[in-house]
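Notes for the structure review
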Amino acid sequence: CGFQLRGSAEMPFRTLYAGFPPGSETGLEFARMMRGNDTRLVARPQDAQARLEVLSEGREKEIVGFSSTGRPREHQLRLLFSFRLVDAGEEELIPPTRLVLHRDITTTDTQYVAKEQEEALLYRDMQRDLVQQLLRRLSAARR
Amino acid sequence: QAAGEQGMALRLETQLNEAGAAQSEGRPVYGRADSLSGRPGRDFTLEGDAELRRAGTVVRGNRITWYPEDEEVLAVGAVRVVRQGSVITGPELRLKLDSTEGFFTSPSYELPLYNGRGQAERIDFLGPDRIGLRNATYTTCRPEDPDWVLSAEEMVIDTEEESGKGRWAGLSVGGRKVLSAPWFAFPLGDRRRSGFLTPGFAMTSRTGPEFVVPYYWNIAPNRDLTLHPRVMVRRGLQLGGQYRYLEHNYQGDLKVEYTPDDSLTGNSRYLYSYQHSFADLAGWGGWVDLRGVSDDNYFVDYSRSILSSSERVLPRDVVATRRMGDWTLLARATRYQSILDARRAPPYERVPQFNATWAKRDVAGFDVDAMFDATWFQRPLQGSPEGLRMVAFPQVSYPIVRPGWFVVPKLGLHMSSYRLDGGSPLTETSLHRSVPVFSLDAGLVFERPTSFFGRDLTQTLEPRVFYARAPYRDQSAFPVFDTGVADFGFPQLFSENSFVGHDRIADANQLTTAVVSRLIEPATGAESLRFAFGQRMYFSDQRVSIPGVAARNDKRSDLLFAATAGLGRGMSVDAGLQYSVRDSEVPRLNLLWRYLPGDGRILNAGVRYLRDELGQIDTSWRWPVAPRWTVMGRVNYSWLKQRVDPASGLLVDAKPGIIEGVLGFEYLVDCWTLRFVTQRFVTAEGRNTSAFFLQFELAGLARLGSDPFDILRRNIPGYRLPNDRPALPSRFFGYE
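Residues numbered from 1 in each chain as written. Chains lettered and ligands numbered in written order. Predicted model: local features only at pLDDT ≥ 70, side-chain atom pairs only at ≥ 80, totals over all residues. Heavy atoms only, no water.

1. Section: the overall build of chain A
Our working rule: Here a strand is any run of E in DSSP of at least two residues, a helix any run of H or I of at least four, and the numbering for each starts at the N terminus. Our radius of gyration looks at C-alpha atoms and nothing else; its globule reference is 2.2 Å times the residue count to the power 0.38. A 1.4 Å probe rolled over the protein chains alone gives each residue an accessible area, and that area as a share of the maximum for its type sets the label: buried under 20%, exposed over 50%, partly exposed in between. Pairs of residues are marked as contacts when any of their non-hydrogen atoms sit within 4.5 Å. Per-residue and other accessible areas were derived by the Shrake-Rupley procedure at a 1.4 Å probe size, with only the shown protein chains allowed to occlude residues. Within this scheme the basic residues Lys and Arg register as positive and the acidic residues Asp and Glu register as negative, but His and the chain ends are omitted. Note on charges: their place is set at NZ of Lys, CZ of Arg, CG of Asp or CD of Glu.
Looking only at helices and strands, one finds 2 helices and 6 strands in chain A. Radius of gyration (C-alpha) of chain A: 18 Å, far over the 15 Å computed for a compact globule of 143 residues. Across its three principal axes, chain A shows a C-alpha extent of roughly 60 × 40 × 25 Å. Burial status across chain A gives 60% buried among its 143 residues. Taking as baseline every contact in chain A between residues at least 6 positions apart, the subset at least 24 positions apart corresponds to 66%. When the accessible surface of chain A is totalled, it reaches about 6,200 Å², and 47% of it is carbon and sulfur. Side chains of chain A give 22 positive and 21 negative charges; the mean places of these two sets differ by 3 Å.

2. With respect to the interface of chain B and chain A
Where interface size is quoted, it is often the accessible area lost as the parts come together. Condition: Defined in terms of a 1.4 Å probe, buried area is the accessible area two parts forfeit on being brought together, summed over both. The working definition used for a salt bridge is a side-chain nitrogen of Lys or Arg within 4 Å of a carboxyl oxygen of Asp or Glu. Contacts described as polar in this section are N or O atom pairs within 3.5 Å, which, within protein, must combine one atom able to donate a hydrogen with one able to accept it, while residues neighboring in sequence count only if both atoms come from side chains. What makes two strands pair is DSSP finding at least two bridges between them.
Contacts between chain B and chain A engage 76 residues on the former and 53 residues on the latter. Together, the buried faces of chain B and chain A total about 5,600 Å²; carbon and sulfur atoms form 51% of this surface. When the area that chain B buries against chain A is broken down by residue, the three leading residues are P403, E447 and P491 of chain B, summing to 10%. Remark: the boundary between chain B and chain A carries 12 salt bridges. Among the ionic pairs, R136 of chain A bridges to E447 of chain B, the shortest N-O distance being 2.7 Å. The interface formed by chain B and chain A contains 21 residue pairs in polar contact (both at pLDDT 80 or more). Where strand β1 (residues 4-5) of chain A lies against strand β33 (residues 446-452) of chain B, 2 bridges are found, and the strand directions are antiparallel.

3. Overview of the packing of helix α1 (residues 25-34) of chain A against helix α2 (residues 112-139) of chain A
All names here are of chain A. Our working rule: Axis definition: a line fitted to C-alpha atoms, limited for helices to the stretch in contact. Angles are taken between N-to-C directions and run from 0 to 180 degrees. Throughout, the term roughly parallel applies to angles under 35 degrees, roughly antiparallel to angles over 145, roughly perpendicular to angles from 65 to 115, and oblique to all others. For a crossing to be left-handed, the near helix must be turned anticlockwise from the far one by less than a right angle; the clockwise case is right-handed.
Across the interface, α1 lies against α2 with an axial gap of 9 Å and an inter-helix angle of 55 degrees. It follows from the interaxial angle that α1 and α2 lie oblique. Judged by the sense of rotation from one axis to the other, the crossing of α1 with α2 is right-handed. On α2, the residues touching E25, T26, E29, F30, M33 and M34 of α1 are R124, Q127, R128, L130, V131, Q132, L134, L135 and L138.

4. Let's talk about the pairing of strand β32 (residues 430-444) of chain B
Residue and element names in this part refer to chain B. With 15 bridges joining them, strand β31 (residues 405-420) and β32 adopt antiparallel strand pairing. Within β32, the residue paired with W405 across the bridge is L444. Pairing analysis gives 6 bridges linking β32 to strand β34 (residues 455-470), with the strands arranged antiparallel. What sits directly across from F438, in β34, is R469.

5. With respect to the state of the cysteines
All names here are of chain B. Short version of the rule: Cysteine sulfurs are considered disulfide-paired once they come within 2.5 Å of each other.
A full pass over the atoms with the stated rule returns 1 disulfide over all chains. Here C141 is linked by a disulfide to C671, with a sulfur-sulfur distance of 1.8 Å. Taking the sign of the torsion about the S-S bond as the criterion, the disulfide between C141 and C671, at about 75 degrees, is right-handed. Highlighted residues: C141 in the loop between β11 (130-138) and β12 (148-158) and C671 in the loop between β47 (657-669) and β48 (672-684), separated in sequence by 530 residues. Given a relative accessible area of 2%, C141 falls into the buried group. The exposure class assigned to C671 is buried, which follows from its relative accessible area of 0%.

6. Observations regarding the pairing of β31 of chain B
The side chains of a regular strand alternate between both faces of the sheet. Residue and element names in this part refer to chain B. Two elements, strand β29 (residues 387-397) and β31, share 9 bridges in a ladder whose sense is antiparallel. Along β31, the bridge assignment pairs L388 with R419. Here strand β30 (residues 400-402) runs beside β31; their pairing, made up of 3 bridges, is antiparallel. Note that in β31 the partner of V401 across the bridge is F406. With antiparallel pairing between neighbouring strands as the criterion, β30 and β31 make up a hairpin whose turn holds 2 residues.

7. Looking at the side chain of S638 of chain B
Relative to the helices and strands, S638 of chain B is located in strand β44 (residues 629-638). S638 of chain B sits in the buried class, given a relative accessible area of 3%. Filtering out sequence-adjacent residues up to four positions away, S638 of chain B remains in contact with S68 of chain A together with G615, Q616, P656, G657 and I659 of chain B.

8. With respect to the pattern of salt bridges
Enumeration over the complete set of coordinates arrives at 67 salt bridges over all chains. The salt bridge partner of R117 of chain B is E110 of chain B, with a shortest N-O separation of 4.0 Å. Overall, the relative accessible area of 12% leaves R117 of chain B in the buried class. Within the structure, one salt-bridge network assembled from shared partners comprises E74, D104, K115 and E118 of chain A together with D487, R588 and R608 of chain B.

9. What about the packing of aromatic side chains?
Residues and elements named next belong to chain B. Inclusion rule: Paired rings are identified among Phe, Tyr and Trp, the last through its six-membered ring, by centres lying within 6.5 Å, and are further divided according to the angle between planes into stacked (under 30 degrees), edge-to-face (over 60) and tilted (the rest). A ring is scored as having a charge over it whenever the NZ atom of a lysine or the CZ atom of an arginine sits within 6 Å of its centre and within 35 degrees of its normal.
Evaluation of the coordinates by the stated rule reveals 27 aromatic pairs over all chains. Judged by centre distance (6.0 Å) and plane angle (20 degrees), the rings of W593 and Y595 are stacked. For Y595, a relative accessible area of 22% translates into the label partly exposed. One aromatic cluster in this structure is built from Y348, F377, Y418, F478 and F481. The lysine or arginine in question, R543, covers the ring of Y472, its NZ or CZ lying 3.8 Å from the ring centre.

10. Focus: the sheet that holds strand β3 (residues 40-41) of chain A
Residues and elements named next belong to chain A. With mixed pairing, the 5 strands of this open sheet are ordered in space as β3-β2-β4-β5-β6. Taken across any chain shown, the strands that pair with only one partner, and hence form the sheet edges, are β3 and β6 (92-106). Of the strand pairs in this sheet, strand β4 (residues 50-66) and strand β5 (residues 72-87) are connected by 15 bridges, and their pairing is antiparallel. Residue pairing across strands places A50 opposite D87, the latter belonging to β5.

Now the structure itself:
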């Protein structure tokens, strides 16, 4: 039916500096997914042919479902991420782009602490998803 | 071609650069006219359609005389001056170009940046950014027949400070004087400045009519204080305040509300909320979150939105963390104030908790994670087991990740030890448990080019399997401090443990299969559609359970579907569905359709269903219905007749009805807006609060009445302030 195993996600640059803040979990996941890619991550921006600039990364939590007695029953967790990609000559390869991911989670007061840990699980899932989307966008960068 | 080889490229500036033009000192003066006469070095006269310009200033008129010695301009007849974003026209002008001082007689003026205009008897130029006006008017309406006019005997407009100030002023609306004041100030832009904010009036069914005069103190660029004394007809005086600060490695926000003598309950009532976060304090970062109220009914009585009225558990949380190489350390103490129904089943408090995680990536291809936790649990409920729990959970995985596939085997050993305090109902006071957990996660990524509605796209097909194995350990004697059943969703399908928390480690022998398919725009890599399907197969019945929740005994889980699609023309759909094959029913459903065609038009419609817990139709909109009228609102209707009581776990009766309803109208004329918003929400079992807001806004001048924007923004996703000013244009905007 025309499906083929995805080849190496060729990025239009050989070296990339990923400007995630130190210790960023998304940055760690990004580095992990870049293993086995032809493009190499470098530690210093001046050594890179392209630079991924993380403009912002934030989390939001909103109540999206109230019970009939006005109690929160469902939350939506959001991961908001903005980035841009520039080459060594400061030319913009990808203009500032915002990615928003969301996951819903049920909530009750009695499970207040348990839900905290489930939220962490959902944020990890979103980070993983975010990195996938980010890699796709980097691969499609203007050549 | 040569330039290209050297790698030169023009860079696009989106705005003209201010730096060069603002400096007028020593810049040449250019003139143009039908005829030129004069004495060199003393004066020049330009006549007939004359124009004189120098960096930052343009003067036009029938006749312009220029005295180079004094750098002075005298212009007569249909004079027009453009400078610093203001346009002034009149019969006669005298202006010194070096100091930009001078005056204009009987002029009219315009501030295109702020959409403001008016007339005056005389305008004095008081330097580059300030003009003084005598017997002047100001409006943001169209000049022909302004609906409102501000007039003053003396007025100073400062484009640097972005403010207007005046003395002996009056406000006329529809030709009738409605307000007069010996002194007033109005903002031109949105810059923060100290002073009284516009008074607000609103009405809620629990506080009656209320009136608030906020005072804003801009202490420093990174610190401010807002005081809002509020008079509530049914409850008396309330003092409220908010103090915010922002430093490079810490920031905070303190809110207090205090009602010294509530006339209905006869006692003093208060709320406090303090959030502080810090980074790099001797290597530690963290936060403080303290919230509390005087009594259980505080939110029911005082809240203006369902967000605060729905709160039952208020945290008092202090957290400090630090990273040391591959280690992350955390120390935490958390207590809660549980109010109303949450008193029957309050959460466990962690007093204190110490946690350390160690994450080492790529040690000869292995990823190593280890978690160590020691927490003292307490609960303010009679008969609850309390005590110390220690957990160690090392895990090793070997991820093999390639662009087209991945395999991740993982092995972990969950070890825990409990020391329970005396008086607990459990007979054993010391408990130990260790559970090995194995999982194998593997997936493939296929791609093919396709076309969809005439667009060329890339379609992916991503099958994924996840196998988890953990042996059974009897855990019925273990207390449940912080553990619950995880939701049945896609992220949770790929978790080894069907519980969240460390008090229960599920016995598992199960395989999850899932398929995701996406449509991707090849030009940008953006995802325009996603479809996902997932199910879990169980090779053995689950024996570990949590009190109050029956253990699972089916061979196949419910089916999960999810779809997200941007349909173009501002339309998008987001759907999630759980289907039970055994019972032929849908335990969980989310469906949201959004339509944002632009021009401030918004339409959201959705359904949320969670068996016995949630069942609601949610729709919100903002739609212009007539040239000047916009209708906005939200209806969140619950149809459930029965629901599970979270504390007891039993089914109880529920009444169908509107959980939250908002209806608003906006009447918008070019320079003023009338806004009317009414809201009704459930505050507790069988209790409602209604609120009513009226706002009259003079564009670019003031908003009178209560601020309903928070309500609109929250209830109508996509709502923006109608007069949200885009980024100020360059000073060359309107350049002549």
